[in-house]
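A structural walkthrough
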Amino acid sequence: MTPERVDTIIKGAVIVTQDEERRIIRDGALAIRGDRIAALGKRSELEDKVDATSMIDGRRFVITPGFIDAHIHITGDPLTRGYVPDDISDAFGDTLQRWVIPRYLAHTPADERLSARLAAVEMLRAGTTCFLEAGTIRYLDEVFEGLVEAGIRGRIGAWVEGRAFSPEDDEAALTGKAIRLLEQEVARFPADSGARIAAWPILIGHSTNTDEVWKAAKALADANNLGVSAHLSPYRADPAWYLDNLGRRPIAHLAEIGVLGDNLCLTHLVHIDDQEEALLAESRTNAILCPFAALKGAFGISALGRAPEMAQAGMNIALGTDGYGSDLMQKMALAAALFKDARQDTKIFPAGQALDMATLNGARALQLQDEIGSIAVGKKADFVLHDTDRPEWRPVLNVLQQLVWCADGRGVHSVWVDGVRVVENYRHTQVDEDELYAAAQVAGEAIIKRSGIPDVRAG
Ligand SMILES: [Zn+2]
């Protein structure tokens, strides 16, 4: 039999496939051709079957699928990360108005491009190969360019608000403008033909959009095989607003207007009741859990969060960082551990289920389950080499447990996206990282100055 031609083979690694049988292959081999996984199996079985242009000794590595961050803000946060003090007494709305929104508004198009590139490099360096943006981008073209340069996969959306909050605003006009923006972005950055970066009709969520905008977003997603994403009910404020203004709780309202479904991703969902949980499960809506953002934001997730019950009810639960550091491996451990404690039950979210949330479930939430989320022949070559020549990885014994409970993004040595090695030996292969960090420093300082928010820098 003539050996099959492949571009690269990695030999001797432990491969955590996340395939249907959740195989973990010791002394495994993985071959790629173009942007796809061409062959996978035991090294001894694969060696004679493929003829590779290049060979990588994988004995030092554990290979996993690339991680999928299903909720991250790639503009606004990265260039001013950690700036806002966490002990200010403002209510959530005041914090947004005083500290968060001004930082977004102070970004220039070039800042957003830089911010997106920085966020992408940060994600890739921690093993995240695909993300779903939170819908807070102001300059979509520049962000698109910044992301393409970094070689990451993702779905992005412009900042769209269709509801009038002050009597002077014309709600019909705002709604019309919001819907046009959604239509334009989906047409301009289509997801077909395997585009790495594409637009989704992403809504900020909470109470910022009218029913017409929600319905238009859902219709666009249905017609183009995309999804819709929105923030909902991190705090009591969302159910309170819906009850006061629409006479129903948020999920009941979204069910009523027909926008729930398996192509909707709702982030946070902490303050929901039994009926809302049932509606979410019945409609197969995706829940995006951002455990660190929830804990730090004092949402009440340890007391009120329902992730174990949602999972039990068959809901797809994916993970997000929400911009608090881009290491999804840390968040996967935190999400699982948080609910073990909350239910005082160590059997909640075992390691395998935690890893599913960061890989397969993320792929499903992003409507990309046929392309990414596991290592399988024919799927996209999006995967991570974890370096076991590190203190936190030795001795290598129970790989799955170690991956979830002991390791994190520090051990990410190399990353492939679409068959391209974008991280090698802990550095991005195409972005000049030193230049990027210097530019980020200059831009961040200028944004703080322009934004007019208080100067709280040390020194
Ligand atoms: Zn968010």
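Residues numbered from 1 in each chain as written. Predicted model: local features only at pLDDT ≥ 70, side-chain atom pairs only at ≥ 80, totals over all residues.

1. Here we look at the nonpolar core
As a rule of thumb, soluble globular proteins bury nonpolar side chains together. Stated formally: Take the buried Ala, Val, Leu, Ile, Met, Phe, Trp, Tyr and Cys residues, join any whose C-beta atoms are within 7 Å, and the set you get is a nonpolar core. Burial is judged by counting the other C-beta atoms within 10 Å of a residue's own C-beta: 20 or more makes it buried, 12 or fewer makes it exposed, and any count in between marks it as partly exposed, with every C-beta position built from the backbone. Each domain's extent is set by a domain assignment, obtained either automatically or from a database. We call two residues in contact when their backbone-placed C-beta atoms lie within 7 Å.
Counting residues in each nonpolar core, the largest one holds 140 residues, and the members touching the most others are Ile63, Met332 and Ala354. Both of domain 1 (4–65 + 381–428) and domain 2 (67–365) provide at least three residues apiece to this core. Beyond its immediate chain neighbours, meaning those up to four positions away, isoleucine 63 contacts Ile10, Ala13, Ile15, Val16, Leu30, Ile375, Phe383, Val384 and Leu385.

2. Here's the deal with helix 6 (residues 211–224)
For clarity, the cut-off: The secondary structure listing takes helices from DSSP runs of H or I that are at least 4 residues long and strands from runs of E that are at least 2 residues long, numbered from the N terminus. Each residue after the first adds 1.5 Å to the expected span of a helix.
With 14 residues, helix 6 should reach 20 Å at 1.5 Å per residue; the first-to-last C-alpha distance of 20 Å fits that figure. Where helix 6 is buried, its residues meet helix 5 (171–188), strand 10 (202–205), strand 11 (228–232) and helix 8 (250–256). Immediately downstream of helix 6, the backbone of asparagine 225 shows phi near 55 degrees, a positive value.

3. Side note on the sheet that holds strand 6 (residues 67–72)
What counts, and what does not: Note: two strands are recorded as paired if DSSP finds a minimum of 2 bridges between them. All axes here are fitted lines through C-alpha atoms, helices being fitted over the stretch that makes contact, and every angle between N-to-C directions spans 0 to 180 degrees.
Pairing is parallel in the open sheet, where 4 strands are placed in the order 6-7-8-9. The open sheet has two edge strands, strand 6 and strand 9 (197–199), and neither has a second partner. Averaged over all adjacent pairs, the angle separating strand axes in this sheet is 15 degrees, with direction ignored. Here strand 8 (residues 153–156) runs beside strand 9; their pairing, made up of 3 bridges, is parallel. Bridging from a neighbouring strand, arginine 155 pairs with alanine 198 of strand 9.

4. Here's the deal with unusual backbone geometry
For the bond from arginine 394 to proline 395, the omega torsion is -5 degrees, close enough to zero to count as cis. Of note, proline 395 is situated in the loop between strand 15 (383–387) and helix 16 (399–405). Residues other than glycine seldom take positive phi values, yet glutamine 18 does so here, at roughly 60 degrees. For glutamine 18, the location among the structural elements is in the loop between strand 1 (4–16) and strand 2 (24–33). In this model, glutamine 367 sits at a positive phi of 65 degrees, which is unusual for a non-glycine residue. Residue placement: glutamine 367 occurs in the loop between helix 15 (360–365) and strand 15.

5. Digging into the sheet that holds strand 14 (residues 317–319)
Taken in spatial order, the 5 strands of this open sheet run 10-11-12-13-14, and their pairing is parallel. At either end of the open sheet lies a strand with only one pairing partner, and these are strand 10 and strand 14. Within this sheet the neighbouring strands show an average axis-to-axis angle of 25 degrees, counted without direction. Of the strand pairs in this sheet, strand 13 (residues 286–289) and strand 14 are connected by 3 bridges, and their pairing is parallel. The partner of leucine 289 across the bridge, within strand 14, is leucine 319.

6. Here's the deal with the packing of helix 5 against helix 6
To describe two helices that pack against each other, one gives the angle between their axes and the distance between the axes. Just so we agree on the cut-off: With respect to orientation, any angle under 35 degrees is reported as roughly parallel, any angle over 145 as roughly antiparallel, any angle of 65 to 115 as roughly perpendicular, and every other angle as oblique. We call a crossing left-handed when the near helix sits turned anticlockwise from the far one by less than a right angle, and right-handed when that turn is clockwise. Each residue receives one of three labels: charged for Asp, Glu, Lys and Arg, nonpolar for Ala, Val, Leu, Ile, Met, Phe, Trp, Tyr, Cys and Pro, and polar for the others, Gly being one of them.
The geometry of helix 5 relative to helix 6 is characterised by a closest axis approach of 9 Å and an angle of 15 degrees between their N-to-C directions. Judged on the interaxial angle alone, helix 6 and helix 5 are roughly parallel. Of the two possible hands of crossing, helix 5 and helix 6 adopt the one that is right-handed. Contacts between helix 5 and helix 6 involve Thr175, Ala178, Ile179, Leu182, Glu183 and Val186 from the former and Glu212, Val213, Ala216, Ala217, Leu220 and Asn224 from the latter. For the contact of helix 5 with helix 6, a count of residues per class yields 8 nonpolar, 2 polar and 2 charged.

7. Some thoughts on the pairing of strand 3 (residues 36–42)
Relative to strand 3, strand 2 runs antiparallel, the two sharing 6 bridges. Paired with leucine 30 across the strands is leucine 40, a residue of strand 3. In textbook terms, the turn of a hairpin is the stretch between consecutive antiparallel strands, and for strand 2 and strand 3 this stretch comprises 2 residues, one of which, glycine 34, has a positive phi near 60 degrees.

8. Side note on the environment of aspartate 418
Among the structural elements, aspartate 418 can be located in the loop between strand 16 (412–417) and strand 17 (420–424). Exposure remark for aspartate 418: the 20 C-beta atoms within 10 Å place this residue in the buried category. When the C-alpha atoms of aspartate 418 and tyrosine 324 are compared, they prove to be 26 Å apart, with 94 residues separating the residues in sequence. Aside from chain neighbours lying at most four places away, what touches aspartate 418 is Asp35, Arg153, Arg196, Lys380, Ala381 and Asp382.

9. Here's the deal with the domain arrangement of the protein
Domain boundaries in the protein define domain 1 (4–65 + 381–428) and domain 2 (67–365). The distance between the C-alpha centroids of domain 1 and domain 2 comes to 30 Å. Ranked by residue count, the leading element in the side of domain 1 that touches domain 2 is helix 16, at 5 residues. Residue classes in the side of domain 1 that touches domain 2 are distributed as 13 nonpolar, 4 polar and 4 charged.

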